[in-house]
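Remarks on the overall topology
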Amino acid sequence: MHKEFVCMRGENRIHGTVFYEYGWNKLPIAIVSHEFMLNRLFSRRYAKLLAKLGYAAFCYDFCGGGAFSQSDGRTANMSVLTELEDLSAVVEYARSLDYTDENRILLMGCSQGGLVSALYAAQHPVDVERLVLFYPALSIPDDARKGSMMRAHFDPENIPEAFRCGPMKLGRCYAEDAMRLDPYSDICDYKGDVLILHGDADRIVDIEYSRRAEKTYTQSGAKVAFYIIKGAGHIFINPAHDKEAKNILKEFLHSEVRIWT
């Protein structure tokens, strides 16, 4: 089963899709957060898989998160911190439903959605049971401080009110909010189960950021599974890489698989 949903973050409507097995009550919650500049069409494949594994799996569009986002908000008003507020709103919506178990939450995030998910988990460590990070963009704060973010370049000492990153128009708040983050300090309060996947051919987020995340989580007492996808770049578009990533995710969640007869 799947259906569309709308929840609110302030005056902004967040549009999303939930996948789940029909007829089962009190399903654990999984929330998948998409990459920078994209939308939930790129994360629904993982939501579908998580639904097959027994979750009520939610994917959604960040407000102003991409040119084709169905959610409200302008890209010029979006930042990692506004997306953190979006995720919080989706979590609260998912927990309010009569067919979900509000005490069992898995967060999964890809790229910038991974950074957002990691920040939320650290702020709500008791609420998040498991955390899945695919090529998490923990590089964003460093990139902002350098004034070089993918195809956007600016003077970090004099950030313009608006600047372009490829087809997207970003606002000063995007860079300023990112520059204030200290990701490895900000994420270390989470001590649950963590899965990190990263391609060794990623040219957007260096794999060393994920290696450091593995060490940070391990030192904080979390149980970490770190896998490298050989030959994979940023976003697992290649069918072989996608299949490998999905198999690793299923293995990580094996204890969560429900056998229904």
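Residues numbered from 1 in each chain as written. Predicted model: local features only at pLDDT ≥ 70, side-chain atom pairs only at ≥ 80, totals over all residues. Heavy atoms only, no water.

1. Re the overall build of the chain
If you tally the helices and strands in the chain, you get eight helices and twelve strands. Seen through its C-alpha atoms, the chain measures out along the principal axes to roughly 60 × 40 × 35 Å. Counting only residues that meet the buried cut, the chain has 57% of its 261 residues in that class. In the chain, 71% of the contacts between residues at least 6 apart in sequence involve partners at least 24 apart. On the chain, roughly 11600 Å² of surface is accessible, and the fraction owed to carbon and sulfur atoms is 49%. (Helix = DSSP H or I, 4+ residues; strand = E, 2+ residues; numbered from the N terminus. Buried < 20%, exposed > 50% of the residue type's maximum accessible area, 1.4 Å probe, protein only. Contact = heavy atoms within 4.5 Å. Areas by Shrake-Rupley, 256 points an atom, 1.4 Å probe, with all protein chains shown as cover.)

2. Digging into the pairing of strand β2 (residues 12-19)
Both strand β1 (residues 2-9) and β2 contribute to a ladder of eight bridges, which runs antiparallel. Its bridge partner being in β2, K3 is matched across the sheet by V18. Between β1 and β2, which follow one another and run antiparallel, lie two residues, and G10 among them has a positive phi close to 65°. Bridge count for β2 against strand β4 (residues 56-60) is four bridges, and the pairing is antiparallel. Of the residues in β4, the one forming a bridge with G16 is Y60. (Pairing = 2+ DSSP bridges.)

3. Concerning the side chain of H234
Relative to the elements of secondary structure, H234 occurs in the loop between β12 (223-229) and α8 (239-252). At 2.8 Å, the side chain of H234 and the side chain of S111 are in polar contact. Of note is the side chain of H234, whose polar atom sits 2.7 Å from the side chain of D202. Not counting chain neighbours up to four residues away, the residues in contact with H234 comprise S111, Y135, D202, I204 and V205. (Polar contact = N/O pair within 3.5 Å; in protein donor to acceptor, adjacent residues only side chain to side chain.)

4. Brief notes about the layout of surface pockets
One simple way to see leftover space: roll a probe sized like a water molecule over the atoms. Roughly 350 Å³ of volume is contained in the largest pocket. The class makeup of the residues in the lining of the largest pocket is 14 nonpolar, four polar and three charged. (1 Å grid on protein atoms, 1.4 Å probe; cavity = no way out; pocket = protein on both sides within 12 Å on 5 of 7 lines; lining within 4 Å. Points joined across faces, edges and corners; volume = space filled by probe spheres on them. Nonpolar A, V, L, I, M, F, W, Y, C, P; charged D, E, K, R; others polar.)

5. Points about unusual backbone geometry
Although it is not a glycine, M37 adopts a positive phi angle of roughly 75°. Examined against the element boundaries, M37 turns out to sit in the loop between β3 (27-33) and α1 (44-52). Look at M37 and you get buried, because its relative accessible area is 19%. Here I235, not a glycine, exhibits a phi torsion of approximately 75°, which is positive. Mapped onto the elements of the fold, I235 is located in the loop between β12 and α8.

6. Looking at the nonpolar core
Ranked by size, the top nonpolar core spans 64 residues in total, and within it I31, F58, L107, L131 and Y217 carry the most contacts. A per-element tally of this core places helix α2 (residues 80-95) first, with seven residues. With 31 residues, the next largest nonpolar core counts Y46, L53, I229 and L253 among its residues. (Core = buried A, V, L, I, M, F, W, Y, C linked by side-chain atoms within 4.5 Å.)

7. Looking at helix α7 (residues 208-220)
Since the α-helix packs 3.6 residues into each turn, any two residues three or four apart lie on the same face. Across its 13 residues, α7 extends 18 Å between first and last C-alpha, which sits within 8% of the 18 Å expected from 1.5 Å per residue. Taken together, the buried positions of α7 are occupied by Y209, S210, A213, T216, Y217 and S220. Looking straight down α7, one finds its buried side chains confined to an arc of 115°; they lie on one side. Of the exposed residues in α7, those oriented more than 90 degrees away from the buried face are K215 and Q219. The secondary structure elements touched by the buried residues of α7 are α3 (112-123), β6 (128-134), α4 (140-146), α6 (183-187), β11 (193-199) and β12. (Expected span 1.5 Å × (residues − 1). Arc of directions from axis to C-beta.)

8. Looking at the side chain of S43
Structurally, S43 can be placed in the loop between β3 and α1. S43 sits in the buried class, given a relative accessible area of 1%. Filtering out sequence-adjacent residues up to four positions away, S43 remains in contact with V32, H34 and C59.

9. A word on the state of the cysteines
Per the counting criterion, the structure on display carries zero disulfides. Summary of cysteine pairing: C63 is not part of a disulfide, and the nearest cysteine sulfur, belonging to C7, is at 8.3 Å. Judged by its relative accessible area of 3%, C63 falls in the buried class. Considering cysteine sulfurs only, C173 is the nearest to C165, which forms no disulfide, with 14 Å between them. (Disulfide = S-S within 2.5 Å.)

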